[in-house]
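Single-letter residue listing:
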Amino acid sequence: MKKTELTTAEFPLFKISSDPMIVLDKKGKILRVNDSALALIGHKKEFFEGKLFMQIKLLTPQSKVLAVKNFAKRMLGREIEPYEVQMYHEKGYLIDVEINAAPILDGGKIIGDLVSIRDISKRKISENELHSTLAMLDAIYQNVPVGITLIDDEGNIVKANDYFKNIVGDTELEERGLLDLPMVSGSLLEATFEDLIKNHQSFSLYDSEYSTKKEVVRFANFIGEPLKNMNGDGKDFSLVLIEDTTDLHDAHESQLQREKEIQKLKDQFVFVAAHELKTPVTAIKWGVEMLSDSGKDVPDVLRQNMEEVLENITENNNRLSKLVSELLDVARMDYGTFKIEPKNFNLSEVVEKSISTIKPLSLASGIEISFRAEDVFVAYADPERVEGVMVNLLSNAIKYNVEGGRISVDILKKGEMLEVAVEDTGIGLSKDDIEKLFERFYRVERKEVSEKAGSGLGLYIVKQIVEKMDGEITVESKGRDKGSIFRFTIPQEK
Ligand code: ADP
């Protein structure tokens with residue numbers, strides 16, 4: 001008689017295996033369930049044994065379809081690959097399992113099915129976690145407002161996000177060479193990108209210019225980072241990040257433009273104000289001269305008072321007049337209308353002229369000026385401006401000198417240039433004073449300076465003029481009370 005019932009005795013493996021297992025007969029009736037299977041799924045043996053597996057609430061509907069299909073195939077003698085299904089635990093929750101089954105043969109005939117069940121819930125959970133982590137990273141990668149691209153060691157694009165593609169102006173970038181992109185090829189970026197790919201040289205370029213596919217100039221921050229041996233397989237990659245900063249750049253530019261306009265208005269204001277002041281200053285000067293002339297007819301008692309008042313007005317008006325003309329010069333310089341008209345001229349003559357202009361002042365202060373021009377020096381500069389520079393330096397050398405002091409002026413050749421040196425025996429300068437001396441409105445803080453009239457604009461103007469004539473101005477002093485030497489250069493004749 002043929003055996004109709006299978007017993008576990010015939011399956012030693014079934015007994016000893018710690019894997020959950022179920023034995024079915026040819027029709028799908030559950031014959032045996034081992035303890036491991038009961039531990040995994042729950043329920044008592046009675047729940048399974050003697051029932052058709054498709055009639056008990058063991059598998060989800062979808063899984064049941066798959067299981068029935070695979071069971072039928074096996075019963076027809078076909079081999080099947082392990083497959084994944086979801087099973088209900090006795091308590092109602094789902095377990096992910098992998099089914100691996102093989103037919104039970106008797107004399108070459110299929111009489112049943114041995115089903116092994118592997119719990120893959122943990123693997124599924126970590127797969128799901130990995131999946132959601134990857135999905136999250138992908139969402140960040142796609143939505144961050146920065147172009148991101150990964151380049152292999154040959155410089156080909158492995159992956160690029162939409163922002164990057166948008167910047168490049170192309171959607172098909174994978175496998176294309178980064179250096180061949182129109183945005184990179186032949187541009188200022190090319191060498192830097194090449195250095196990253198070939199020499200693993202990281203870089204950061206801020207607010208750097210680039211051209212779009214349509215040749216529109218835009219600005220961006222570029223960051224390149226080598227990723228050496230990224231996957232642990234010895235292969236090198238590079239990461240390039242691009243952040244378009246055009247809007248920021250434009251905002252900054254228009255801010256600068258606005259600031260320039262405001263500055264221009266300010267310069268214009270100083271210019272107009274100083275210009276308007278010139279007229280009353282001149283009027284006061286004439287008025288004072290007229291009053292001085294008519295002073296002869298005034299009775300003696302009043303005359304002395306009047307002379308004192310007029311002298312005082314004259315002195316203050318002179319100060320005001322000097323300040324107005326200095327402010328005008330500075331405003332013209334800022335405004336860009338300060339003119340320099342260079343030509344060849346006899347420098348020795350101009351220096352002599354400036355000394356004679358200042359003579360009354362030096363005589364009044366008892367200061368001697370010596371000048372030796374052993375040669376004729378012809379310079380190429382603006383003679384009127386040079387005279388102005390000289391008068392300024394000489395009047396300072398008188399103003400900041402000591403009683404019975406001296407001034408010596410010298411001209412000498414310095415390569416392609418001529419150098420004029422004005423040396424005095426005056427109050428001298430400290431190192432700190434020298435650093436700030438040519439700044440606008442700078443005056444040294446000491447009694448000897450504050451008791452003299454001055455605005456602190458003279459040397460600023462002098463420096464600007466000398467530099468506009470392609471020269472340089474320097475000052476040297478051995479320290480306070482040790483005198484000073486101002487030297488400026490201008491080009492020789494052309
Ligand atoms: P100011 O109108 O005050 O004379 P300047 O610009 O001509 O303005 O000079 C700036 C400051 O430099 C002066 O206030 C003074 O302190 C200092 N200074 C200029 N020339 C000399 C000099 N020959 N010796 C010492 N100090 C000087």
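Residue indices follow the written sequence of each chain, beginning from 1 at its first position. For a predicted model such as this one, the threshold for reporting local features is a pLDDT of at least 70, and the threshold for listing and counting side-chain atom pairs is 80 or more; totals across whole chains, interfaces and linings nevertheless cover every residue. Each side-chain value is worked out from all heavy atoms of the structure, with water and hydrogens disregarded.

Take a positive patch on the surface next. Note that patches include only residues with greater than 30% relative accessible area and no salt bridge, and the join distances are 9 Å for like charges and 5 Å for nonpolar side chains (Val, Leu, Ile, Met, Phe, Trp, Tyr). Exposure was quantified through the Shrake-Rupley algorithm and a 1.4 Å probe, taking into account, for residues, occlusion by the shown protein chains and nothing else. Definition used for salt bridges: Asp or Glu carboxyl oxygen within 4 Å of a side-chain nitrogen of Lys or Arg. Charged residues are defined here as Lys and Arg on the positive side and Asp and Glu on the negative side; His and the ends of the chain fall outside this count. For charged residues, the charge sits on one atom: NZ in Lys, CZ in Arg, CG in Asp, CD in Glu. On the surface, a cluster of positive charge is contributed by K26, K27, K29 and K109. Along the polypeptide, K109 turns up in strand 5 (residues 109-119). Numbering of helices and strands runs from the N terminus, with a helix taken as a DSSP run of H or I at least four residues long and a strand as a DSSP run of E at least two residues long.

Before going further, it helps to examine the environment of G405. With respect to the helices and strands, the residue G405 is situated in the loop between helix 11 (383-399) and strand 14 (406-414). Once the C-alpha coordinates of G405 and D267 are considered, the two residues, 138 residues apart in sequence, prove to be 39 Å apart. Here G405 is in contact with G366, I367, E368 and T425, once residues within four sequence places are set aside. Here, two residues are considered to be in contact whenever any of their heavy atoms come within 4.5 Å of each other.

Within the secondary structure, K260 is located in helix 8 (residues 246-294). Think of it in three bands: residues with accessible area under 20% of the maximum for their type are buried, residues over 50% are exposed, and the middle band is partly exposed, with areas taken using a 1.4 Å probe on protein chains only. For K260, a relative accessible area of 61% gives the class exposed. Taking the C-alpha atoms as reference, K260 lies 30 Å from T474; in sequence the two are 214 residues apart.

Attention now moves to the site of the ligand. Neighbouring residues of the ligand: 21 residues in total, closest N396, Y400, D424, R443 and L459. Any pair of N or O atoms that falls within 3.5 Å is considered a polar contact. Within protein, one atom must be able to donate a hydrogen and the other to accept it, and sequence-neighbouring residues count only if both atoms are side-chain atoms. Note that an oxygen atom of the ligand is positioned 3.1 Å from one of the backbone N or O atoms of V444. Every element with two or more residues in the shell around the ligand is listed here: helix 11, helix 14 (458-468) and strand 17 (484-491). The leading source of residues in the shell around the ligand is helix 11, at three residues. When the residues that make up the shell around the ligand are grouped by side-chain class, the tally is 11 nonpolar, seven polar and three charged. Put simply, a residue is near a molecule or strand once any heavy atom of it comes within 4 Å of that molecule or strand. Gly is placed with the polar residues, together with every amino acid not listed as nonpolar (Ala, Val, Leu, Ile, Met, Phe, Trp, Tyr, Cys and Pro) or charged (Asp, Glu, Lys and Arg).

This part is about the pattern of salt bridges. Using the criterion set out here, one finds 23 salt bridges in the structure. Close ionic contact of K414 with E419 constitutes a salt bridge, the shortest N to O distance being 3.2 Å. K414 gets classed as partly exposed once you look at its relative accessible area, which sits at 45%. We classify E419 as buried; its relative accessible area is 7%. In this structure, the salt-bridge partner of R446 is D481, at a minimum N-O distance of 2.9 Å.

With that out of the way, let us pick up the sheet that holds strand 17. The criterion for strand pairing is that DSSP finds at least two bridges linking the strands in question. Across the sheet, five strands lie side by side as 12-14-15-17-16; this open sheet has mixed pairing. Strands at the two margins of the open sheet, each flanked by one partner only, are strand 12 (368-372) and strand 16 (473-477). On average, each strand axis in the sheet is tilted by 20° relative to the strand beside it, whichever way the strands run. Taken together, the five bridges between strand 16 and strand 17 define a ladder with antiparallel strand orientation. Looking at the pairing, T474 lines up with R487 of strand 17. Here, axes are lines fitted to C-alpha atoms. For helices the fit covers the stretch in contact, and angles between N-to-C directions go from 0 to 180 degrees.

Moving on: the packing of aromatic side chains. Any two rings among Phe, Tyr and Trp, with Trp reduced to its six-membered ring, count as a pair given centres within 6.5 Å; such a pair is stacked if its planes are under 30 degrees apart, edge-to-face if over 60, and tilted if neither. Applying the stated criterion across every chain, the model contains six aromatic pairs. An angle of 25° between the planes, with centres 5.5 Å apart, marks the rings of F193 and F203 as stacked. Taken together, the residues F193 in helix 7 (residues 190-199) and F203 in strand 8 (residues 203-211) connect sequence positions 10 residues apart. The class of F193 is buried, set by a relative accessible area of 1%. Look at F203 and you get buried, because its relative accessible area is 10%. Ring geometry for F193 versus F222: centroids 6.1 Å apart, planes at 65°, classification edge-to-face. Placement of F193 in helix 7 and of F222 in strand 9 (residues 217-227) is noted, with a sequence separation of 29 residues between them. The residues F193 and F222 share a single accessibility class, namely buried. Site record: aromatic cluster; members linked through ring pairs are F193, F203, Y210 and F222.

Across the interface, helix 11 lies against helix 14 with an axial gap of 10 Å and an inter-helix angle of 145°. Between helix 11 and helix 14 the crossing geometry is left-handed. Taken together, the residues of helix 14 that come into contact with helix 11 (itself represented by R385, V389, N392, L393 and N396) are G458, L459, V462, I465 and V466. Residues of the contact of helix 11 with helix 14, tallied by class, amount to six nonpolar, three polar and one charged. What makes a crossing left-handed is the near helix being turned counterclockwise from the far one by less than a right angle; a clockwise turn instead makes it right-handed.

Looking now at the sheet that holds strand 2 (residues 30-33). Spatially, the five strands line up as an open sheet ordered 2-1-5-4-3, and their pairing is antiparallel. Sheet topology places strand 2 and strand 3 (83-88) at the edges, where each strand pairs with a single neighbour. Shown here is a sheet whose adjacent strand axes are inclined to one another by a mean of 35°, direction ignored. One ladder, built from five bridges, connects strand 1 (residues 21-25) with strand 5; its direction is antiparallel. Across the sheet, residue V23 finds its bridge partner in strand 5, namely L114. Relative to strand 3, helix 4 (residues 61-75) is tilted by about 130°, and along the sheet it contacts strand 1, strand 3, strand 4 (94-106) and strand 5. In the packing of helix 5 (residues 121-143) onto the sheet, contacts are made with strand 3, strand 4 and strand 5, and the angle to strand 4 comes to roughly 135°.

Glancing now at helix 14. All of the buried residues along helix 14 are G458, L459, Y460, I461, V462, I465 and V466. Where the residues of helix 14 are buried, they touch helix 9 (300-335), helix 11, strand 16 and strand 17. Immediately downstream of helix 14, the backbone of D470 shows phi near 70°, a positive value.

Another point: the confidence of the model for the chain. The predictor rates its confidence in each residue with pLDDT, a number between 0 and 100. Residues with a pLDDT of 70 or more make up 97% of the chain, whose mean pLDDT is 91. The secondary structure element of the chain with the lowest average pLDDT is helix 1 (residues 12-16), at 66, and the one with the highest is strand 17, at 98.

This next bit is on a negative patch on the surface. On the surface, a cluster of negative charge is contributed by D207, D247, D250 and E253. It is helix 8 that provides the largest number of residues to the negative patch, a total of three residues. Within the fold, D207 resides in strand 8. Owing to a relative accessible area of 36%, D207 belongs among the partly exposed residues under this scheme.

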